[in-house]
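Here's the letter readout for the chains.
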Amino acid sequence: MTLAMATPDTNLDLWLSQQTDKSLLRFLTCGSVDDGKSTLIGRLLYDSQLILDDQLASLKKESHNRTVGDEGIDFSLLVDGLAAEREQGITIDVAYRFFSTDKRKFIVADTPGHEQYTRNMATGASNADLALLLVDARKGLLTQTRRHSFILSLVGVKHVVLVVNKIDLVGYDQAIFDQIEADYRAFARDLGFQTLAAVPVSALRGDNILANSDRMPWFKGTPLVPYLETIEVAQDKAAQPFRFPVQWVNRPNLDFRGFSGTVASGEVKVGDDVLVAASRKPAKISRVVTMDGDLHSAVAGQAVTLVLDREIDVSRGDVLAHAGTVPEFSNQFQARLVWMNDEPAYQGRSYLLKVGAQIVPATITDIKFRTNVNTLEHVAANKLDLNEVGTVTIATDRAIAFDPYADNPLTGGFILIDRLSNATLAAGTISFGLRRAQNLTYQSFDVNRQVRAEQKGQEAQIVWFTGLSGSGKSTIANLLEKRLTAEGRHCYILDGDNVRHGLNKDLGFTEAARVENIRRVAEVAKLMADAGLIVLVSFISPFEKERHLAREIAGDIRFTEVYVDTPLSVAEQRDPKGLYAKARRGEIKNFTGIDSPFEVPSAPDVTLHGGQEEPAAMADKLHDWLKI
Amino acid sequence: MTSTRLTHLQSLEAESIEILREVAASFERPVMMYSIGKDSSVLLHLARKAFFPSKIPFPLLHVDTTFKFKEMIAFRDRTAEEYGFDLITHTNQDGVRDGINPFDHGSSRYTDIMKTAALRQALNAGRYDAAIGGARRDEEKSRAKERVFSHRNASHAWDPKNQRPELWRTFNTRLNPGESMRIFPISNWTELDVWTYIYDQNIPIVPLYFAKPRPVVERSGTLIMVDDERLPLEPGEAPRLETVRFRTLGCYPLTGAIRSDAADLPSIIMEMQASRTSEREGRLIDSDSVGSMEKKKQEGYF
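Everything quoted here is computed from the prediction, not taken from an experiment. (Residues numbered from 1 in each chain as written. Chains lettered and ligands numbered in written order. Predicted model: local features only at pLDDT ≥ 70, side-chain atom pairs only at ≥ 80, totals over all residues. Heavy atoms only, no water.)

Enquirer: Just to check I follow, could you spell out the overall build of chain A for this structure?
Expert: A tally of helices and strands in chain A yields 17 helices and 29 strands. The 628 residues of chain A split such that 56% are buried. Considering only intrachain contacts with a sequence separation of at least 6, the fraction spanning at least 24 residues in chain A is 71%. Here chain A displays about 26200 Å² of accessible surface, and carbon together with sulfur accounts for 49% of that area. (Helix = DSSP H or I, 4+ residues; strand = E, 2+ residues; numbered from the N terminus. Buried < 20%, exposed > 50% of the residue type's maximum accessible area, 1.4 Å probe, protein only. Contact = heavy atoms within 4.5 Å. Areas by Shrake-Rupley, 256 points an atom, 1.4 Å probe, with all protein chains shown as cover.)

Shown next as structure tokens:
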């Protein structure tokens, strides 16, 4: 093959400067499944002549047996990249496409329409300036249209184009278009979009894409591509307060210590007075370093390395700001969440929260309400399921620097990460700080059990395991403690080993001594719960009366009785400490199950079948039941 | 700078630098894949910028299939010496022992063993938890779907149907034991962006990108350069000198040259602008079957 040569008189420098001076528009296509998003993008690529000969050839081959336009091509094949997507004819994940016109460069995120892939739509929306929201002219607004609109609003997309597609299939009927536009404007009134335009198109046939279509003389608005080429979306981020999240401490040798990062907003100059948001330690900027030479200043979007005039403690996660315009610094805030995991969000659960370069353990302290995406109404909720959007309060283990998302998306947007699987669970946007950590004073509240427990982000409670020796109580309690601790909970296990050898070493095994043993353990459990802990008590506690006593001592503390129901034959076979053998030989008296009875609990809260299930499965089952 | 708004290339550069710094700050043992091509040259340049005045805080890894162009290897060693980065090269010795080559074993099997398996070996041997690559989303359909921080399970496999959501520039870099991450800092660059950046920044690239008379044979429409005596010539076939260049670089028996007179960067860029074929067309491994790249990636290919 031979490629065409450039004309000799082409001025490359001029041409190159035109290329690099073009502005960049990042947009996404969204809307319900089958509204034609992929076809529209294929159309945009085709019409801007970005589909190359070899791609076109393979496309025509693949378009066999599919819905095609005048060009004989199923445009959606261009963008559905995964084998599973082409097989099922749906879009699963966001695909990025690139095209440019004489006026602009475009990065397009083609996002999936199915509800189950809403998280991938949010991924595409989070970096977009503008959204093309597609609606099928035959169907009008659907739940997904509304859900996507709400998510656009939540992640801060300010410019929306309502693309009423497949208008050819309703006979280019103006009344249908007008009705859909009116419905949508009514719905979107409170979503905070700065601009909202509506265009009737046929992506398959190319109507109103590049130019006004003869088939819709009634449409007087701007066609799609000219609209995208001219809409002004840039916000003057340089005029906002200066924020510099420190990503990496740059220390090649003892003589140089710089802080590398990207200016999130505002501008910084050599000589400026800055503060570390967390410590409020001041310093002056002495250098703005890049490999191309030192700069006098840096603006939003530039990746630089800042050098300060004095040695102060700054590390990854710190935020530098100008004195007087510092970000909020708090350990509590209200936020909106899009939940992206099959496992729902619960109040009191602990997660990892990442905002900027800061990662901290964090707890959802309150789910205030869920938003119904169809009506935008607030609905009471005690959990958030996959793809649900809620308003919550969050407490972090230590104070973090942030801005409200509306003021600064880069310092106000965060993700929640699962502490065990490391999956990304949610996208969140901070609405406002609830109280400044430094304003907390001890006079303002009485320190009681609830306050102590809230400080640990949990409900103080007692989980009481009863069952034969060797039934598996301690094994399950240990597994539960491990999982809760990994989730950021504060637990303690009381069992025979740590109580009988100390606190209760004066007690024998007569019936009276056993009652006193249980009483003391119940009192200790109560004190620990009063300190705000989750107390796991693992005692044989064979008598119904003493288990009642323990529950009574707990008073208003949540008390869960867990019966580990393992048959004597199984427990005796395990005999981890050789006690059954000794009891059978008569070396131990009053041994439960041998010469002392075990009273089967009449109404345990949870029964685990120790002879049938694995300890880990039982611990998980109990964890789910407890919903701690 | 008079304007407070960054140009297209400046904002792409800053985005890539931020990603590279996030890798250095978040992982225990990162490594950067170095394939010696133009995208690797851009990646190397960006990494030098990201950490200046420090040296690049991770090694560069080149998987040598033993069939790379000789000029690539010379360029690699020259570049490593000039910039002083830590270069690791790896070749699948099992493949060498079995004499695996693209002629007798086919491009697909050869690539599996000398590239994909070799890469897995090298990543396992280095116990790298993060591998940085120069792939771009405009290259191929399954690449267009990939995250910037792309999660891999313990066997280096990609699960395209279950990618982590990736919000804003807040990357989830956390891993469980044995898992790893592939990171693509120039995901949002196009081929034209790469070339204009190379021109703008005066970045050295392998001379094979520039047109020059080279010995080639033509096979089913593809021009293959006879880089050494290992290329078996068919009866009656003789290499002839043609003025050609390469749009992408890989293993010489699997990389098609194009006839061109573009001997400097301006000519290359102008030629590219006029071109009507995509750059991967010169790569013989992608066109085996629809979705073949996705399949390779699931198996651990970059």
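Enquirer: Looking at this structure, I do not really get unusual backbone geometry. What am I missing?
Expert: Residues apart from glycine generally show negative phi values, whereas peptide bonds are mostly found in trans. Residue and element names in this part refer to chain B. Of note, the amide linkage connecting F52 to P53 takes the cis form, showing an omega dihedral of 0°. When you line up the elements, P53 lands in the loop between α2 (38-51) and β2 (60-63). Look at T66: it is not a glycine, yet its phi comes out positive at around 75°. Residue position: T66 is located in the loop between β2 and α3 (70-83). Note on T66: relative accessible area 30%, which makes it partly exposed.

Enquirer: Would you mind showing me how to read the UniProt feature "domain: Phosphoadenosine phosphosulphate reductase" (unreviewed entry) in chain B here?
Expert: UniProt records the feature "domain: Phosphoadenosine phosphosulphate reductase" (unreviewed entry) for residues 30-256 of chain B in the present numbering. Structurally, residues 30-256 of chain B is divided into 30% helix and 19% strand, and its ends, taken at the C-alpha atoms, are 32 Å apart. (UniProt positions renumbered as here; feature names shortened; annotations may be inferred.)

Enquirer: How do you make sense of the UniProt feature "binding site: ATP" (unreviewed entry) in chain A when you look at a structure like this?
Expert: All names here are of chain A. UniProt tags G467, L468, S469, G470, S471, G472, K473 and S474 as "binding site: ATP" (unreviewed entry). Relative to the helices and strands, G467 is located in the loop between β25 (461-466) and α11 (473-486). Taking the relative accessible area as the measure of exposure, G467 reaches 0% and is therefore buried. Contact partners of G467, with chain neighbours within four places excluded, come to K473, F539, I540, Y563, V564 and F598. Mapped onto the secondary structure, K473 falls in helix α11.

Enquirer: What should I look at first to understand the packing of aromatic side chains in this one?
Expert: Aromatic ring pairs are defined here through the distance separating the ring centres and the angle between the ring planes. As enumerated under the stated definition, the model contains 26 aromatic pairs over all chains in all. Between W248 of chain A and F51 of chain B, the ring centres sit 4.9 Å apart and the planes meet at 70°, which makes this aromatic pair edge-to-face. One end of the pair, W248 of chain A, is in strand β8 (residues 248-253); the other, F51 of chain B, is in helix α2, on a second chain. Arranged with centres 6.5 Å apart and planes meeting at 15°, the rings of F27 of chain B and F149 of chain B form a pair that is stacked. Here F149 of chain B lies in strand β5 (residues 149-152) and F27 of chain B lies in the loop between α1 (8-26) and β1 (30-33), a separation of 122 residues in the sequence. Neither F27 of chain B nor F149 of chain B differs from the other in exposure class; each is buried. Its guanidinium or amino end placed over the ring of F187 of chain A, R146 of chain A lies 5.8 Å from that ring's centre, counting from NZ or CZ. (Phe/Tyr/Trp six-rings, centres within 6.5 Å; stacked < 30°, edge-to-face > 60°. Lys NZ or Arg CZ within 6 Å of the ring centre and 35° of its normal.)

Enquirer: Where do I start with the sheet that holds strand β15 (residues 319-322) of chain A in this structure?
Expert: Two modes of strand pairing occur in sheets, parallel and antiparallel, and in both the strands are linked by backbone hydrogen bonds. All names here are of chain A. Across the sheet, seven strands lie side by side as β7-β15-β11-β12-β14-β9-β8; this open sheet has antiparallel pairing. The two strands at the open ends of the sheet, each matched to only one other strand, are β7 (243-245) and β8. Taken pair by pair, the neighbouring strands of this sheet meet at an average axis angle of 40°, ignoring direction. (Pairing = 2+ DSSP bridges. Axes fitted to C-alpha atoms, helices over the stretch in contact; angles between N-to-C directions.)

Enquirer: Help me understand the domain arrangement of chain B in this model?
Expert: Residue and element names in this part refer to chain B. Domain assignment breaks chain B into domain 1 (9-194 + 291-299) and domain 2 (204-286). Inter-centroid distance (C-alpha atoms) of domain 1 to domain 2 is 24 Å. Taken together, the contacts link 27 residues of domain 1 with 29 residues of domain 2. Summed over both partners, the interface of domain 1 with domain 2 comes to about 2700 Å²; 60% of that surface belongs to carbon and sulfur atoms. Of all residues in domain 1, the largest losses of buried area upon contact with domain 2 belong to F69, E71 and F103, amounting jointly to 26% of the total for that side. In this structure, the connection of domain 1 to domain 2 is made through one salt bridge. Where R247 meets E191, a salt bridge forms, and the shortest distance between an N and an O atom there is 3.3 Å. On inspection of domain 1 and its partner domain 2, the count reaches six residue pairs in polar contact (both at pLDDT 80 or more). Of all the elements in the fold, those that place two or more residues in the side of domain 1 that touches domain 2 are α2, α3, α5 (102-126), α6 (191-201) and α8 (292-298). For the side of domain 1 that touches domain 2, the residue count by class is eleven nonpolar, seven polar and nine charged. (Domains from an automatic or database assignment. Buried area = accessible area lost by both parts, 1.4 Å probe. Salt bridge = Lys/Arg side-chain N within 4 Å of Asp/Glu carboxyl O. Polar contact = N/O pair within 3.5 Å; in protein donor to acceptor, adjacent residues only side chain to side chain. Nonpolar A, V, L, I, M, F, W, Y, C, P; charged D, E, K, R; others polar.)

Enquirer: How do you make sense of helix α7 (residues 265-274) of chain B when you look at a structure like this?
Expert: The α-helix advances 3.6 residues per turn, and as a result positions three or four apart in sequence lie on the same side. Of all the ten residues making up α7 of chain B, seven are buried; the element is thus mostly covered by neighbouring parts of the structure. By the burial criterion, the buried members of α7 of chain B are L265, S267, I268, I269, M270, E271 and M272 of chain B.

Enquirer: Even after reading the chapter, I still don't get the nonpolar core, so can you show me in this structure?
Expert: The tendency in soluble globular proteins is for nonpolar side chains to be buried as a group. Ranked by internal contacts, the top residues of the largest apolar core, which has 77 residues, are L20, M32, V42, F149, I183 and W195 of chain B. The greatest single-element share of this core, amounting to eight residues, is contributed by α1 of chain B. Split by domain, the residues of this core number at least three in each of domain 1 (9-194 + 291-299) and domain 2 (204-286) of chain B. Here V42 of chain B is in contact with I186, W189, V194, Y197, I198 and I203 of chain B, once residues within four sequence places are set aside. Core analysis: the second largest hydrophobic core is formed by 76 residues, F99, L134, L162 and I209 of chain A among them. (Core = buried A, V, L, I, M, F, W, Y, C linked by side-chain atoms within 4.5 Å.)

Enquirer: For this particular structure, what's the right way to read α6 of chain B?
Expert: Within α6 of chain B, eight of the eleven residues are buried, leaving the element largely enclosed by the surrounding structure. Of all the positions in α6 of chain B, only E191, L192, D193, V194, W195, T196, Y197 and I198 of chain B are classed as buried.

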